[in-house]
Amino acid sequence: LQQEAISVRTFSRTHVDTSKAATAKYETWLDQFYRLLPARTSAPEWLRIIFSAARAQSLGLEQGDYKVTVDKNGRVLAYQIGLPVRGSYLQVRRFVADVLEAIPAIALDELIIKREALGEPRIEAALRFTLFLNAD
């Protein structure tokens with residue numbers, strides 16, 4: 001390991017331009033990533049898509065919890081959306097799949113499913129999505 005560490009140090013000292021080029025390439029990639037995120041002003045449109053997907057599966061969204069945080073660099077806005085839903089397992093599963101397919105910048109963070117009784121066809125689900133937006 002010591003020999004490997006010495007060779008890495010030697011390489012990095014003799015190839016300074018290579019490490020600068022790699023850093024520049026990474027920064028370019030990162031800037032492009034931030035530009036691909038939807039604008040923060042587009043949040044209402046994404047919420048309409050979520051509500052439309054729920055209606056398509058006959059799920060009512062009566063209430064929701066919404067929380068906005070900004071990453072430490074101030075470039076990404078994370079819009080957390082908590083939604084309780086009631087319906088069949090298939091309706092909830094299709095709803096989640098529709099949302100994930102329609103909104104490329106969203107992640108499903110949590111899915112908690114409860115069924116009142118063993119043969120009960122309806123479930124209660126608590127969903128938490130995070131929509132990632134460009135904070136600029």
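About the thresholds
Residues numbered from 1 in each chain as written. Predicted model: local features only at pLDDT ≥ 70, side-chain atom pairs only at ≥ 80, totals over all residues. Heavy atoms only, no water. Helix = DSSP H or I, 4+ residues; strand = E, 2+ residues; numbered from the N terminus. Buried < 20%, exposed > 50% of the residue type's maximum accessible area, 1.4 Å probe, protein only. Contact = heavy atoms within 4.5 Å. Areas by Shrake-Rupley, 256 points an atom, 1.4 Å probe, with all protein chains shown as cover. Core = buried A, V, L, I, M, F, W, Y, C linked by side-chain atoms within 4.5 Å. Phe/Tyr/Trp six-rings, centres within 6.5 Å; stacked < 30°, edge-to-face > 60°. Pairing = 2+ DSSP bridges. Axes fitted to C-alpha atoms, helices over the stretch in contact; angles between N-to-C directions.

Caption draft 1: Inspection of the overall build of the protein at higher detail. In terms of regular secondary structure, the protein is built from four helices and four strands. Overall, the protein shows an N-to-C arrangement of helices and strands of α-α-α-β-β-α-β-β. Counting across all 136 residues of the protein, residues that qualify as buried make up 28%. In the protein, 65% of the contacts between residues at least 6 apart in sequence involve partners at least 24 apart. Only carbon and sulfur atoms are counted for the fraction: they give 54% of the accessible area of the protein, which is about 9400 Å².

Caption draft 2: Here's a closer look at the nonpolar core. Counting 26 residues, the largest nonpolar core has I50, F95, V99, F129 and L131 as the members making the most contacts within it. Listing elements by their share of this core, those giving two or more residues are α3 (43-56), β2 (76-88), α4 (89-102) and β4 (122-134). With near-sequence residues (within four places) excluded, F129 lies in contact with Y79, Q80, I81, L83, F95, V96, V99, L100, I106, A107, L108 and D109.

Caption draft 3: Focus on the packing of aromatic side chains. Summed over the entire model, instances satisfying the criterion amount to four aromatic pairs. Seen from their ring centres, W29 and F33 are 6.0 Å apart, and the 15° between their planes marks the pair as stacked. Taken together, the residues W29 and F33, both in helix α2 (residues 16-36) and four residues apart, mark about one turn of the helix. Here the aromatic rings of F95 and F129 are separated by 6.3 Å at their centres, their planes lie at 85°, and the arrangement is edge-to-face. In this pair, F95 is assigned in helix α4 and F129 in strand β4, connecting sequence segments 34 residues apart. Among the residues examined, F95 registers a relative accessible area of 0% and is labelled buried. By relative accessible area, F129 is classed as buried at 0%. Among the aromatic residues, those joined into a cluster by ring pairs are W29, F33 and Y34.

Caption draft 4: The arrangement of the sheet that holds β4 in detail. Strand order in this open sheet of four strands is β1-β2-β4-β3, and the pairing throughout is antiparallel. At either end of the open sheet lies a strand with only one pairing partner, and these are β1 (65-70) and β3 (106-114). Averaged over all adjacent pairs, the angle separating strand axes in this sheet is 15°, with direction ignored. As paired elements, β2 and β4 share 13 bridges and run antiparallel to each other. Note on β4: the bridge partner recorded for G82 is R128. Sitting on the sheet, α3 is in contact with β1, β2, β3 and β4, with an inclination near 15° to β2. Sheet strands touched by α4: β2, β3 and β4. Its angle to β4, the strand with the most contacts, is close to 5°.

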